[in-house]
Amino acid sequence: MTSFHETLRSLRVWDTELPAFDPESAPAAPLPLFHDWFVAAGEAGQVEPHTMSLATVDGDGRPDVRTVMLHDADERGWHFASHATSAKGRQLAVVPHAALGFYWPVQGRQVRVRGQVVSGTPEEAYADLHARSTGALAAALVGRQSEVLDSLDELATASEAAWQRAQAEPDADAETWTLYVLDPREVEFFQGDERRRHLRLRYRRSEGGWERELLWP
């Protein structure tokens, strides 16, 4: 426990020069700014900038969160995918609202997105599944995500069978694979500051379009 606390208290945040951000020059809608920040994070050397936290709630209102991959971000919203039978899929079927969180420490930036989640078409799910690697297809073919696993041997057997099928049938479909799109209602951009004068710009959707407002850090 002592080692944990010593390590925890020794850590520093953003030990680098942070980029400038002028909220006054931000675009009228959040998507172009997200695209710019995403590209900037990748060019700055941020590892896996397309990973994001996905928060959902179950039917009893209990929150859940996990890390998933961003598959796209366009005028429809932020895209991700999973099995409809997974924990997140079941939760979204009951409460179709979620939040996303991106953290790019190399630039001291965060992006938070909240909104309603809708399912894409089966054709979109199929295209998404086959735009990925053989390993990703094999993992999807295994299925049974979030179910209780009896043994590692059972996982090894199922995974090997799925790999062989993915290689032999590259067009194979995983029926429960679903593309989800989060239609944003709020998008917040957070720019860290070494003196803790963080900048927070929130976009909120209204009937007339997007409204922008600054938030206290």
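A brief look at the structure comes next. (Residues numbered from 1 in each chain as written. Predicted model: local features only at pLDDT ≥ 70, side-chain atom pairs only at ≥ 80, totals over all residues. Heavy atoms only, no water.)

**Concerning the overall build of the chain**
The condition is simple: In this text, helices come from DSSP runs of H or I with a minimum length of four residues, and strands from runs of E with a minimum of two, each type numbered from the N-terminal end. When accessible area is computed with a 1.4 Å probe and restricted to protein chains, residues below 20% of their type maximum are described as buried, those above 50% as exposed, and intermediate ones as partly exposed. Any pair of residues with heavy atoms lying within 4.5 Å of one another is described as a contacting pair. To measure how exposed things are, a 1.4 Å probe is used in the Shrake-Rupley method; for residues, cover is taken only from the protein chains shown. Two residue types count as positive, namely Lys and Arg, and two as negative, namely Asp and Glu; His and chain ends fall outside the count. Charge placement uses NZ in Lys and CZ in Arg. For Asp and Glu, CG and CD serve respectively.
A count of helices and strands for the chain gives six helices and nine strands. With respect to the principal axes defined by its C-alpha atoms, the chain has extents near 55 × 55 × 40 Å. For the chain, with 217 residues in total, the buried portion stands at 35%. Restricting to contacts in the chain with at least 6 residues of sequence separation, those with at least 24 account for 65%. Total accessible area computed for the chain in this model is approximately 13000 Å², and 51% of it derives from carbon and sulfur atoms. Distance from the positive charge centre (22 side chains) to the negative charge centre (34 side chains) of the chain: 8 Å.

**Regarding the packing of aromatic side chains**
Under the convention used in this document: For Phe, Tyr and Trp, where Trp contributes only its six-membered ring, two rings pair if their centres lie within 6.5 Å, and the inter-plane angle classes them as stacked under 30 degrees, edge-to-face over 60, or tilted in between.
Following the criterion strictly, the structure yields 12 aromatic pairs and no others. Pairing F34 with W78 gives two aromatic rings, centres 5.2 Å apart and planes at 70°, and the pair type is edge-to-face. Of this pair, F34 sits in helix α2 (residues 30-43) while W78 sits in strand β4 (residues 77-83), placing them 44 residues apart in sequence. The class for W78 is buried, based on a relative accessible area of 1%. Ring geometry for F80 versus Y180: centroids 5.5 Å apart, planes at 25°, classification stacked.

**Quick notes on the pairing of strand β1 (residues 51-57)**
Test applied: A pair of strands is labelled paired if DSSP reports no fewer than 2 bridges between them.
Side chains M52, L54 and T56 project from β1 onto a buried face, and the interleaved T51, S53, A55 and V57 project onto a face without burial. As judged from the seven bridges shared by β1 and strand β2 (residues 63-69), these two strands associate in the antiparallel manner. Directly across from T56, in β2, lies its bridge partner D64. With three bridges joining them, β1 and strand β5 (residues 97-104) adopt antiparallel strand pairing. In the strand pairing of β5, L54 is matched with L100.

**A word on unusual backbone geometry**
The phi angle at R144 is positive, at roughly 60°, despite the residue not being glycine. Within the element layout of this structure, R144 appears in the loop between α5 (134-142) and α6 (152-168). Overall, the relative accessible area of 48% leaves R144 in the partly exposed class. Its identity as a non-glycine residue notwithstanding, R196 has a phi of 65°, on the positive side.

**Some details on the side chain of Q46**
Its place among the elements puts Q46 in the loop between α2 and β1. Beyond its immediate chain neighbours, meaning those up to four positions away, Q46 contacts A41, W104, P105 and V106.

**Description of α2**
Structural remark: α-helix, 3.6 residues per turn; residues separated by three or four positions point the same way. What counts, and what does not: Multiply 1.5 Å by the residue count of a helix minus one, and that product is the helix's expected span. When we speak of the arc, we mean the arc of directions from the helix axis to the C-beta atoms.
Compared with the 20 Å implied by 1.5 Å per residue over 14 residues, the 20 Å span of α2 between its first and last C-alpha is a close match. Here α2 has its buried residues at P30, L31, L33, F34, W37 and A41. For α2, the angular spread of the buried residues around the axis is 160°, confining them to a single face. In α2, the exposed residues that point more than 90 degrees away from the buried face are D36 and E43. Remark: G45 follows α2 within two positions and exhibits a positive phi of approximately 95°.

Limitation: the analysis is restricted to geometry and does not speak to function.
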